[in-house]
Amino acid sequence: MVLLKEVYVDPSLEANPIVQRIRQGLNHLPWHSRADLDRVIQELLSFHADPCGAGKHILLIRPFQGRLVKNCPGTMNHICCNYKIINVVTNCPMDCSYCILQSYLNNPCVTFYPEFAEVFREIEEIIEKHPHRIFRFGTGELGDSLILDGIVGFADEAIPFFAAKKNAILELKTKSAEVDHLLFLNHRGRTVVSWSLNPLRIIEEEEHLAAPLGERLQAARLCADAGYPVGFHFDPLIYYPGWEDDYRTVVDLLFEHIEPRQVMWVSLGGLRYPPFLKQVAQERFPGSRIFSGELIPGEDGKLRYLKPIRVEMYQRMVSWLRAYDGGLFIYLCMERADVWQEVFGSTPGNTEGLNRRFEECVVRFMKGVQ
Ligand code: SF4
């Protein structure tokens with residue numbers, strides 16, 4: 001459920017056809033044309049008791065400064081997956097207690113950059129330079145890929161664009177169930193639709209305004225039936241008494257909805273956050289229990305569960321997932337090589353090694369869809 005309350009647009013974009021279409025779709029909301037959008041942001045930051053919460057109700061539409069497609073920054077001394085991030089929307093109208101964006105962005109408003117043609121030009125430039133490599137692009141790093149997509153319409157253009165590419169795929173990552181507009185697009189298996197999953201209890205207590213688990217899995221089923229490869233992210237994994245039963249139930253539910261051969265990848269990532277997130281989150285979500293466990297700073301400064309806890313969680317998850325399909329492609333998000341070694345008995349070694357594993361996985365899927 002999107003609870004936008006007003007829209008601010010930079011006047012230079014008023015005539016943009018994408019913006020005009022959005023205006024028609026949001027004609028029930030106040031629409032302000034303002035050249036000083038930074039001032040709107042500053043006023044929110046200065047005068048609102050909860051700028052982060054208030055910003056989730058405001059949509060800004062503005063030109064993007066700089067490149068719209070970037071490398072995922074990864075994290076120091078951890079194996080990263082060499083992902084390319086597309087900045088079309090930053091921030092998110094959902095409100096997870098652990099969301100890193102609360103402490104990350106200096107603009108708390110949901111912000112949309114309607115320069116699709118420039119996004120596609122930058123992607124072409126990247127993939128044409130290395131025609132023998134396979135690139136993964138996604139919109140779900142600085143926001144949710146689908147919660148606003150019915151309004152902004154990026155997937156309508158991006159999915160057919162990627163369908164025509166030989167060496168690139170798109171991932172749309174979400175905690176929503178907003179997939180109806182995807183179901184009849186020409187995707188040729190070049191778009192992976194993926195969901196972040198957590199047990200019911202964590203969704204209810206920590207993932208405010210996100211779709212319930214059943215709705216996410218039903219949406220995944222619809223996409224899989226429409227031929228899309230699907231993906232799942234158990235990230236963040238939360239450690240609490242009884243986590244084993246709850247996560248195992250989610251794995252079982254997942255495979256009640258989806259056949260393992262339809263799953264392109266599954267990621268696992270323990271809860272981690274920069275130290276200053278804890279204070280922001282505890283002020284905004286005093287009822288949250290996930291910040292009270294024992295977490296210690298890693299080499300990148302982020303707080304994580306102790307290594308034995310992370311390894312235990314990953315090993316158990318891998319065994320539950322692989323019981324359904326021993327060949328399932330599972331990777332760890334932002335973990336060190338020694339953790340990979342303990343969980344899988346092998347390590348990709350570095351980011352390049354993990355990237356090669358992704359390329360092999362994508363090629364296998366692409367062979368099935370020509
Ligand atoms: S869905 Fe993702 S981007 Fe949105 S609030 Fe939750 S963690 Fe943040």
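Presented here is an overview of the structure given in this document. No experiment lies behind these values; they were computed from the predicted model shown.

We now examine the nonpolar core. With 113 residues, the main nonpolar core has Phe 232 and Phe 234 as its most contacted residues. Looking at this core, the element that brings in the most residues is helix α11 (residues 307-322), giving eight residues. Setting aside its immediate chain neighbours within four residues, Phe 234 contacts Leu 197, Tyr 247, Val 250, Val 251, Leu 254, Val 266, Ser 267, Leu 268, Gly 269, Met 317 and Leu 321. Of all hydrophobic cores here, the second largest spans nine residues; its members include Tyr 8, Ile 58, Leu 60 and Cys 109.

So, on to the site of the ligand. Cys 92, Met 94, Asp 95, Cys 96, Cys 99, Leu 101, Gly 143 and Lys 175 make up every residue found near the ligand. The residue makeup of the shell around the ligand, split by class, is five nonpolar, one polar and two charged.

Here we take up the packing of helix α9 (residues 243-257) against α11. At a minimum axis separation of 10 Å, α9 and α11 run at an interaxial angle of 30 degrees. Relative to α11, the element α9 lies roughly parallel. As α9 packs across α11, the resulting crossing turns out to be right-handed. Counted together, Trp 243, Glu 244, Tyr 247, Arg 248, Val 251, Leu 254 and Phe 255 of α9 and Glu 312, Met 313, Arg 316, Met 317, Trp 320 and Leu 321 of α11 form the full contact between these two elements. Residue composition of the contact of α9 with α11, by class: nine nonpolar, no polar and four charged.

Taken in spatial order, the eight strands make up an open sheet running β4-β5-β9-β10-β11-β13-β14-β18, and their pairing is mixed. One side of each edge strand has no neighbouring strand; the edge strands of this open sheet are β4 (69-71) and β18 (330-332). On average, each strand axis in the sheet is inclined to that of its neighbour by 25 degrees, with strand direction left out of account. Sheet topology note: the strand β14 (residues 263-270)/β18 ladder contains three bridges and is parallel. Considered in β18, the bridge of Val 266 is made with Ile 330. Helix-sheet contacts for helix α6 (residues 154-163) involve β5 (84-86), β9 (135-138), β10 (168-174) and β11 (191-196), and the interaxial angle to β10 is about 150 degrees. Contacting β13 (230-237), β14 and β18, α11 runs over the sheet at an angle of about 160 degrees to β14.

The next thing to look at is helix α4 (residues 116-129). When the terminal C-alpha atoms of α4 are compared, their 20 Å separation across 14 residues agrees well with the 20 Å that a helix rising 1.5 Å per residue should span. Turning to α4, its buried residues are Phe 116, Val 119, Phe 120, Glu 122, Ile 123, Ile 126 and Ile 127. Along the axis of α4, the buried positions cluster into a sector of 160 degrees, meaning they face one direction only. Opposite its buried face, α4 presents the exposed residues Ala 117, Glu 128 and Lys 129, each directed more than 90 degrees away.

Let's shift gears to the pattern of salt bridges. Opposite charge on two side chains lets them pair, provided their charged atoms get close. What the rule picks out here adds up to 27 salt bridges. For Glu 124, the salt bridge goes to Lys 165, with nearest N and O atoms at 3.2 Å. One end of the pair, Glu 124, is in helix α4; the other, Lys 165, is in the loop between α6 and β10, with 41 residues separating them in the sequence. Residue class for Lys 165 comes out buried when judged on its relative accessible area of 14%. The residue Arg 201 makes a salt bridge to Glu 205 at a minimum N-O spacing of 3.8 Å. Highlighted residues: Arg 201 and Glu 205, both in helix α7 (residues 200-206), separated by four residues, approximately one helical turn. Judged by its relative accessible area of 29%, Arg 201 falls in the partly exposed class. Exposure remark for Glu 205: the relative accessible area of 31% places this residue in the partly exposed category. Overlapping salt bridges, with partners in common, bring together Asp 50, Lys 56, Asp 95 and Arg 284 in one network.

Checked against the element boundaries, Ser 176 lands in the loop between β10 and β11. By relative accessible area, which is 2% here, Ser 176 ends up buried. Separated by 3.1 Å, the side chain of Ser 176 and the backbone nitrogen of Glu 178 make a polar contact. Beyond its immediate chain neighbours, meaning those up to four positions away, Ser 176 contacts Met 94, Asp 144, Leu 146, Ile 147, Trp 195, Ala 211 and Arg 216.

A water-sized probe rolled over the atoms picks out the places where empty space is left. Considered as a void within the structure, the second largest pocket measures approximately 230 Å³ in volume. Residue lining of the second largest pocket: 15 residues in total, with Leu 45, Pro 51, Cys 52, Gln 102 and Val 280 positioned closest to the centre. Broken down by secondary-structure element, the contributors of at least two residues to the lining of the second largest pocket are α3 (51-55) and α10 (275-284). In terms of residue count, α10 provides more of the lining of the second largest pocket than any other element does, three residues in total.

Reading the values: the criteria
Residues numbered from 1 in each chain as written. Predicted model: local features only at pLDDT ≥ 70, side-chain atom pairs only at ≥ 80, totals over all residues. Heavy atoms only, no water. Core = buried A, V, L, I, M, F, W, Y, C linked by side-chain atoms within 4.5 Å. Buried < 20%, exposed > 50% of the residue type's maximum accessible area, 1.4 Å probe, protein only. Helix = DSSP H or I, 4+ residues; strand = E, 2+ residues; numbered from the N terminus. Contact = heavy atoms within 4.5 Å. Near = heavy atom within 4 Å. Nonpolar A, V, L, I, M, F, W, Y, C, P; charged D, E, K, R; others polar. Axes fitted to C-alpha atoms, helices over the stretch in contact; angles between N-to-C directions. Parallel < 35°, antiparallel > 145°, perpendicular 65-115°, else oblique. Left-handed = near helix turned anticlockwise from the far one by under 90°. Pairing = 2+ DSSP bridges. Expected span 1.5 Å × (residues − 1). Arc of directions from axis to C-beta. Salt bridge = Lys/Arg side-chain N within 4 Å of Asp/Glu carboxyl O. Polar contact = N/O pair within 3.5 Å; in protein donor to acceptor, adjacent residues only side chain to side chain. 1 Å grid on protein atoms, 1.4 Å probe; cavity = no way out; pocket = protein on both sides within 12 Å on 5 of 7 lines; lining within 4 Å. Points joined across faces, edges and corners; volume = space filled by probe spheres on them.

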